[in-house]
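Examination of the molecular architecture
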Amino acid sequence: MNLSPLQKARYEYSPKLPGMLRNGISEICVKDGAPTESVADQDKIKALFPNTYGKNEITFAKGNNTSAAKKQVVGVILSGGQAPGGHNVVCGLYDALKATDKNNVLLGFKGGPDGLLKNDYIEFDDEFIDAYRNTGGFDIIGSGRTKLETQEQFGIVAENAKKNGLTAIVIIGGDDSNTNAATLAEYMAANNTGVQVIGCPKTIDGDLKNEDIEASFGFDTATKTYSELIGNIERDANSAKKYWHFIKVMGRSASHVALECALETQPNICLIGEEVAAKKMSLAQITNYIADAVEKRGNNGENFGVAIIPEGIVEFVPEFSALIAEINELLAGQKTEEFNALPDWNAKYDFIKKGLTDASFAVFDILPQGIQQQLFLERDPHGNVQVSLIESEKLFSEMVKNELAKRKAAGTYKGKFGAQHHFFGYEGRCAFPSNFDADYCYSLGYNAFMLIQYGYTGYLSKVSNLSKPAEEWVAGGMPITKMMNIERRNGQDKPVIRKALVELDGAPFKYFEAHREEWAVKTAFTYPGAIQYYGPSEVCDLTTRTLALEKGAN
Ligand code: FBP
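As the structure is a computational prediction, the values presented were derived from the model and not from experiment. (Residues numbered from 1 in each chain as written. Predicted model: local features only at pLDDT ≥ 70, side-chain atom pairs only at ≥ 80, totals over all residues. Heavy atoms only, no water.)

**Focus on the site of the ligand**
Selection rule: To be near a molecule or strand, a residue needs just one of its heavy atoms within 4 Å of it. Think of a polar contact as two N or O atoms within 3.5 Å of one another; within protein, one of them needs to be a possible hydrogen donor and the other a possible acceptor, and neighboring residues in sequence only count if both atoms come from side chains. Here, Shrake-Rupley sampling with a 1.4 Å probe gives the accessible areas, and only protein chains in the shown set may cover a residue.
Around the ligand, a shell composed of 13 residues is seen, among which Gly-81, Arg-145, Thr-203, Asp-205 and Arg-429 lie nearest. Within the contact set of the ligand, an oxygen atom lies 3.3 Å away from a backbone nitrogen or oxygen of Gly-251. Within the contact set of the ligand, an oxygen atom lies 3.5 Å away from a side-chain nitrogen or oxygen of Arg-252. In isolation the ligand has 480 Å² of accessible area, and contact with the protein removes 80% of it.

This is the structure we're talking about:
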């Protein structure tokens, strides 16, 4: 096989473990912490998780390993969107399992939760694992988005676990997947299957975190990758001085990715969905906010700039969410066929006008035609608008263009406006993990096995103190139920992990808020450059500005 020089070099990289896990398996003991409670709805969550609720947080420490000797057969899945470092979670898990007893077995179930349902797996060995160390992607076993949530599915998983003699299952996933890990753990415990379930916090979106889980893995590498690209674009903008670049970045719901990229690159504009929702901003207000910066810069002779738009932004605009809900209603059931049979866009436009309330039609009517058509034509299998496909970078640039034309006619805007559009998402999800993600993920996997070995179930592998060097990281476990509350999903009350949105009184947003007026008008770009894997630690091992600010940096 032809390997790139970096790939070869990364195979040789030894991920750093937290100091407390470095003395070898026989030197890892458990320190019990306090019992836990769910973030809200304690009585309801307790009633739904009688076997796994309220357990103690734990940390590992250097000391005599007192876990019972037992042959372990562990199954692992990768679940949901790719995130850099997933391979290292599997490698860390494998290494800890084999270091404990070389007869232990790790099975990788293919294609995400489907692999557990179809009993489709491979058994890992050294050669297999070595080909994936410190590499990006989830191709080691693939991933999938099937939700493991029904009793019937749990029954099938339990059956397959029994067939393979599984003692534990590790689910590497985001908030939904770890919610399912908690429910599966409860099912396995309630049915005395003897199968433990452990979760690992993954998602580039950064929205699976709380005071215990400081970061989900992949966020560091993905945001560094996007920030490199945004910095390069900023330099191009500042060189050519002729374009405004509208850059959409991934993050299905929360705006953590956009915020981190803004902290790294100091663009002129960065929208934050959570702020838009809190201030109940309309599309026109957002447009004016961007147009004001373009106007001020243009009138200073700077007809260029960079605006970062989070992928999930439109769902945070109240009038837009109302419009989407009405469109979903308008085309429910048979009406989609009726709509599709209309001969041309004019006829469809009339149908839409008749079907929407005046308020929603007014919102619809100010959208560029391309976006209007997107709302009606690209629908998911349930007939709903696919909000994630909306090209919000084009939506806002078009609306800004129209607003600037009005300002030009009124004589207030004297500049020129030309736009370029970008979407950075898939570019970052499978990058070679940064040293931080390589170390963090390996530690999460290694630690997940220690939780298994010590008999825990329904726990999330937890590695904290992450803004410090790895030596000082703290390894342990947190009951997943601690992160749960009851939310309304598809018309039903469900126990779910609470998604971590950007906190408007949190240090990262406050820092951004304090600087953004200056960045909007001045050219204050910063250029993070490419991820560095080799070189001084302060260049290669540093994690995100978000985490640094959360931990008290200036
Ligand atoms: P997870 O929450 O599963 O980690 O996925 C996050 C994400 O990368 C989002 O940022 C993005 O909106 C979504 O996945 C895209 O997923 P897909 O490639 O399946 O359409």
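**A closer look at the sheet that holds strand S8 (residues 244-249)**
Here is the rule: Strands qualify as paired when DSSP identifies two bridges or more between them. Strands are runs of DSSP state E lasting at least two residues, helices are runs of H or I lasting at least four, and both sets are numbered from the N terminus onward. Two residues form a contact once any of their heavy atoms are found within 4.5 Å. Interaxial angle, 0 to 180 degrees, is taken between N-to-C directions of lines fitted to C-alpha atoms, where a helix line uses only the stretch in contact.
The strand order across the open sheet formed by four strands is S9-S10-S8-S11, and the pairing between neighbours is parallel. Strands with a single pairing partner mark the edges of an open sheet, and in this sheet they are strand S9 (269-270) and strand S11 (419-424). Pairing geometry for S8 and S11, over six bridges, is parallel. When the sheet's bridge partners are listed, Trp-244 is paired in S11 with Ala-419. Its contacts with the sheet put helix H11 (residues 283-299) on S8, S9 and strand S10 (305-310), and the angle it makes with S8 is roughly 150°.

**Quick look at the environment of Phe-128**
Stated formally: The classification of residues rests on relative accessible area computed with a 1.4 Å probe and restricted to protein chains. Under 20% of the type maximum is buried, over 50% is exposed, and intermediate values are partly exposed.
Its location among the elements puts Phe-128 in helix H5 (residues 126-130). Since its relative accessible area comes to 26%, Phe-128 is described here as partly exposed. Sequence separation between Phe-128 and Ser-443 is 315 residues, and the spatial gap between their C-alpha atoms is 19 Å. Setting aside residues up to four positions removed in sequence, Phe-128 forms contacts with Ile-122 and Ile-140.

**So, the nonpolar core**
Formally: For this analysis, a nonpolar core means a set of buried residues of the types Ala, Val, Leu, Ile, Met, Phe, Trp, Tyr and Cys, connected via side-chain atoms within 4.5 Å. What marks off one domain from the next here is an automatic or database domain assignment.
Grouped together as the largest cluster of nonpolar side chains are 84 residues, with contacts concentrated most on Phe-124 and Tyr-226. Taken domain by domain, the makeup of this core includes at least three residues from each of domain 1 (22-218 + 433-497) and domain 2 (219-315 + 388-425 + 506-550). In this structure, Phe-124 is in contact with Val-76, Val-90, Tyr-94, Leu-106, Leu-107, Gly-108, Ile-129, Ile-140 and Ile-141, ignoring residues within four places of it in sequence. With 47 residues, the next largest nonpolar core counts Trp-244, Ala-291, Ile-352 and Val-400 among its residues.

**Digging into the side chain of Glu-264**
Here is the rule we go by: Working convention for charge: Lys and Arg count positive, Asp and Glu count negative, and His plus the chain ends are omitted. A pairing counts as a salt bridge when a side-chain nitrogen of Lys or Arg comes within 4 Å of a carboxyl oxygen of Asp or Glu.
Checked against the element boundaries, Glu-264 lands in helix H9 (residues 256-265). One buried charged residue, Glu-264, remains without a salt bridge, the closest side chain of opposite sign being Lys-224 at 5.8 Å. Ignoring anything within four residues of it in the chain, the contact list for Glu-264 reads Ser-227, Thr-526, Pro-528 and Arg-545.

**Observations regarding the pairing of strand S7 (residues 196-201)**
Under the convention used in this document: Seen with its strands pointing away from the viewer, a crossover is right-handed if its path from the first strand over the helix to the second goes clockwise.
Most of S7 is tucked away: six of the six residues are buried. Alternating residues of S7 divide into Gln-196, Ile-198 and Cys-200 and Val-197, Gly-199 and Pro-201, and every residue in both groups is buried. Here strand S6 (residues 168-173) runs beside S7; their pairing, made up of six bridges, is parallel. Residue Ile-172 lies in a different strand from S7, and its bridge partner there is Cys-200. As a crossover connection, the stretch from S6 through helix H7 (residues 175-190) into S7 is right-handed. Both S7 and strand S12 (residues 459-464) contribute to a ladder of two bridges, which runs parallel. From the neighbouring strand, Ile-198 faces S12, where its bridge partner is Tyr-459.

**Notes on the domain arrangement of the chain**
Quick note on the threshold: When two parts are brought into contact, each loses some accessible area as probed by a 1.4 Å sphere; the total of that loss over both is the buried area. We call Asp, Glu, Lys and Arg charged. Ala, Val, Leu, Ile, Met, Phe, Trp, Tyr, Cys and Pro are nonpolar, and the rest, Gly among them, are polar.
Domain boundaries assigned for the chain yield domain 1 (22-218 + 433-497) and domain 2 (219-315 + 388-425 + 506-550). For domain 1 and domain 2, the distance between their C-alpha centroids amounts to 35 Å. Across the interface of domain 1 and domain 2, roughly 1500 Å² is buried in total on both sides, 53% from carbon and sulfur atoms. Its largest share of buried area at the contact with domain 2, domain 1 owes to Ile-204, Asp-205 and Asn-435, together 35% of the area lost on that side. Between the two partners, domain 1 and domain 2, sit one salt bridge. The partner of Lys-209 in a salt bridge is Glu-550, and the shortest N-O contact between them spans 2.8 Å. Across the contact surface, domain 1 and domain 2 share 11 residue pairs in polar contact (both at pLDDT 80 or more). Here the side of domain 1 that touches domain 2 is built from residues that sort into six nonpolar, seven polar and six charged.

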